[in-house]
Amino acid sequence: MREKVLITGGAGFIGSHTADALSKHGYRIRILDNLQPPVHSGKWPAYVLNKGFELVRGDVRKKADFLKALRGVSYVYHLAAYQDQRPDFSKFFETNTVGTALLYELIVEKKLPIKKVILASSQFAYGDGKYQCVHNAHPSPMLRRTRKFFYPEPRTERQFKSKKFDILCSHGRIAKFFPFREEQPLVPTNSYGLSKEALERLAFRLGKTYGIPTTALRYSVVQGPRQSPKNLYSGALRIFTVQALSGKPITVYEDGLQTRDFVNVNDVVSANILALKNPRTNFSAFGGEVFNVGGGKAYRVLDFAKLVKKITGSSSPILIGGFRRTDTRHAVSDIGKLKKLGWRPRFAPEKSVRDYVEWYQENF
Ligand SMILES: NC(=O)c1ccc[n+]([C@@H]2O[C@H](COP(=O)([O-])OP(=O)(O)OC[C@H]3O[C@@H](n4cnc5c(N)ncnc54)[C@H](O)[C@@H]3O)[C@@H](O)[C@H]2O)c1
């Protein structure tokens, strides 16, 4: 009998690609999704239909729905999430954190034989991350070495308004950013990031206590077809493509020099599958294993906007300005830990843009 995998949020972008790949690997697929607007319009998307997937419409916040979906499965990908930067703070925790607690509660309460849980976390859990003061104020080399790293609080409204976008050290100089590493402190800038940090912590704690192998994957900005243009959170590729193809100005926040790393959805899928198959992703001394899943290369957002403009052949101007209060200045992940297990990103952002633009033009 082929093993069954539950994918929560499987009608979405990453979940549906993961379902396709797992199905090719011989797993039976069940999807639990509440078909939440604005990503969905209340109907199952065509790309999950007629593929032999079992489709369960339900909500990860509802015990009866989640239990129904969990019966008879061996593995769970928990991808359903609320994602945005809106001020309905409680909804992030309700969906992302409480939903995850409910998953473990049901596994324990009903003694469900789940072999592994794989959780979608996010680069957003890091917040602004790790910085170094490069102003060598202290004459002692030892103090220079030990005192200059810091993990900044989110930038203030005042900073944004005065267009001082960079993270500054205590000397008022631009500090140096370090790509996110899994073991560093998490200082999320918003409720989404906080809800992801919290879900990781509780999943690792419960997973360890009750012997449920658990892996969390902190995705960077994921790109590719099926990334809903209605999802306000889906980031630069969606926004720039829609603007470029409609001839409207391509709007780049801050000064455009902020950096991101972009990862193709096919690379995310291969990381998801590795997490299911490789027991070295299960537990660490901290009670669970967490891995960054990123593109491995920093891009300036302005350069990315230029790339979208070039690939779409758009004559839209690129407008620089504005800001989003809880954006991070740089968000680039170090992917060394997952690479040690044999994974690496294979698809460059150019391919993601081409594939997304093609898909968008066919579907909208
Ligand atoms: N796309 C990215 O760039 C990115 C980056 C980092 C992390 N992630 C994480 O990866 C996961 C998948 O993201 P995605 O880009 O595929 O998003 P998506 O919006 O395309 O898919 C999410 C799916 O979850 C479903 N859903 C939402 N709330 C639900 C609920 N209460 N009950 C059941 N289903 C619900 C939605 O209907 C949707 O189909 C999320 O956990 C997200 O936080 C995504």
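Given the structure is predicted, the values throughout are model-derived calculations rather than measurements.

## Remarks on the overall build of the chain
Across its full length, the chain holds 11 helices and 17 strands. For the chain, the C-alpha atoms occupy an extent of roughly 65 × 50 × 40 Å along the three principal directions. Approximately 16400 Å² of the chain is accessible, and the part contributed by carbon and sulfur atoms is 54%. With 59 positive and 31 negative side-chain charges, the chain shows a spacing of 3 Å between the two charge centroids.

## Quick word on helix α11 (residues 349–363)
When the terminal C-alpha atoms of α11 are compared, their 21 Å separation across 15 residues agrees well with the 21 Å that a helix rising 1.5 Å per residue should span. Those residues of α11 lying buried are Pro349, Ser352, Val353, Tyr356, Val357, Trp359 and Tyr360. All buried residues of α11 lie within an arc of 170° about the axis, which places them on one face of the element. Here the buried face of α11 lies against β10 (221–223), α7 (236–245), β13 (262–264), β15 (299–300) and α9 (301–312).

## Re the nonpolar core
Formed by 36 residues in total, the largest nonpolar core has its most connected members in Leu22 and Tyr219. Top contributing element to this core by residue count: helix α8 (residues 265–277), with eight residues. Among residues more than four places away in sequence, those in contact with Leu22 are Val5, Ile7, Tyr27, Ile29, Tyr77, Ile273 and Leu276. Among the nonpolar cores identified, the runner-up in size contains 26 residues, and Phe66, Ala69, Ala203 and Phe204 belong to it.

## Thoughts on the site of the ligand
The local shell around the ligand holds 30 residues, among which Ile14, Asp33, His40, Leu79 and Tyr192 are the closest. Separating an oxygen atom of the ligand from a backbone N or O atom of Phe13 is a distance of 2.8 Å. A distance of 2.6 Å separates an oxygen atom of the ligand from a polar side-chain atom of Asp33. Elements that contribute at least two residues to the shell around the ligand include exactly α1 (13–24), β5 (116–122), α6 (191–210) and β10. It is β5 that provides the largest number of residues to the shell around the ligand, a total of three residues. Its residues assigned to classes, the shell around the ligand shows 14 nonpolar, 12 polar and four charged.

## Examining the domain arrangement of the chain
Domain boundaries in the chain define domain 1 (4–129 + 180–363) and domain 2 (130–179). Placing the centre of domain 1 and that of domain 2 at their C-alpha centroids yields a distance of 30 Å. Listed by partner, the interface residues are 22 residues for domain 1 and 18 residues for domain 2. Where domain 1 abuts domain 2, roughly 1700 Å² becomes buried across the two surfaces, and 60% of that area is made up of carbon and sulfur atoms. The three residues of domain 1 that bury the most area against domain 2 are Asp128, Phe323 and Arg325, which together make up 33% of that side's buried surface. Taken together, the links from domain 1 to domain 2 amount to three salt bridges. Here Glu157 makes a salt bridge to Arg325, at a shortest N to O gap of 3.4 Å.

## Some details on the environment of Arg28
Secondary-structure assignment places Arg28 in strand β2 (residues 28–33). In this structure, the C-alpha to C-alpha distance between Arg28 and Arg2, residues 26 residues apart in sequence, is 6.4 Å. Discounting chain neighbours no more than four positions away, the residues touching Arg28 are Met1, Arg2, Glu3, Lys4 and Val5. Of note is the side chain of Arg28, whose polar atom sits 2.9 Å from the backbone oxygen of Arg2.

## Regarding the environment of Gly42
Counting through the fold element by element, Gly42 comes out in the loop between β2 and β3 (54–57). On the basis of relative accessibility, which here comes to 29%, the residue Gly42 falls in the partly exposed class. Taking the C-alpha atoms as reference points, Gly42 and Leu257, 215 residues apart in sequence, are found 39 Å from one another. Filtering out sequence-adjacent residues up to four positions away, Gly42 remains in contact with Leu35 and Arg57.

Each value, and the rule that gives it
- Residues numbered from 1 in each chain as written.
- Predicted model: local features only at pLDDT ≥ 70, side-chain atom pairs only at ≥ 80, totals over all residues.
- Heavy atoms only, no water.
- Helix = DSSP H or I, 4+ residues; strand = E, 2+ residues; numbered from the N terminus.
- Areas by Shrake-Rupley, 256 points an atom, 1.4 Å probe, with all protein chains shown as cover.
- Lys, Arg positive; Asp, Glu negative; His and termini not counted.
- Charge placed at Lys NZ, Arg CZ, Asp CG, Glu CD.
- Expected span 1.5 Å × (residues − 1).
- Buried < 20%, exposed > 50% of the residue type's maximum accessible area, 1.4 Å probe, protein only.
- Arc of directions from axis to C-beta.
- Contact = heavy atoms within 4.5 Å.
- Core = buried A, V, L, I, M, F, W, Y, C linked by side-chain atoms within 4.5 Å.
- Near = heavy atom within 4 Å.
- Polar contact = N/O pair within 3.5 Å; in protein donor to acceptor, adjacent residues only side chain to side chain.
- Nonpolar A, V, L, I, M, F, W, Y, C, P; charged D, E, K, R; others polar.
- Domains from an automatic or database assignment.
- Buried area = accessible area lost by both parts, 1.4 Å probe.
- Salt bridge = Lys/Arg side-chain N within 4 Å of Asp/Glu carboxyl O.

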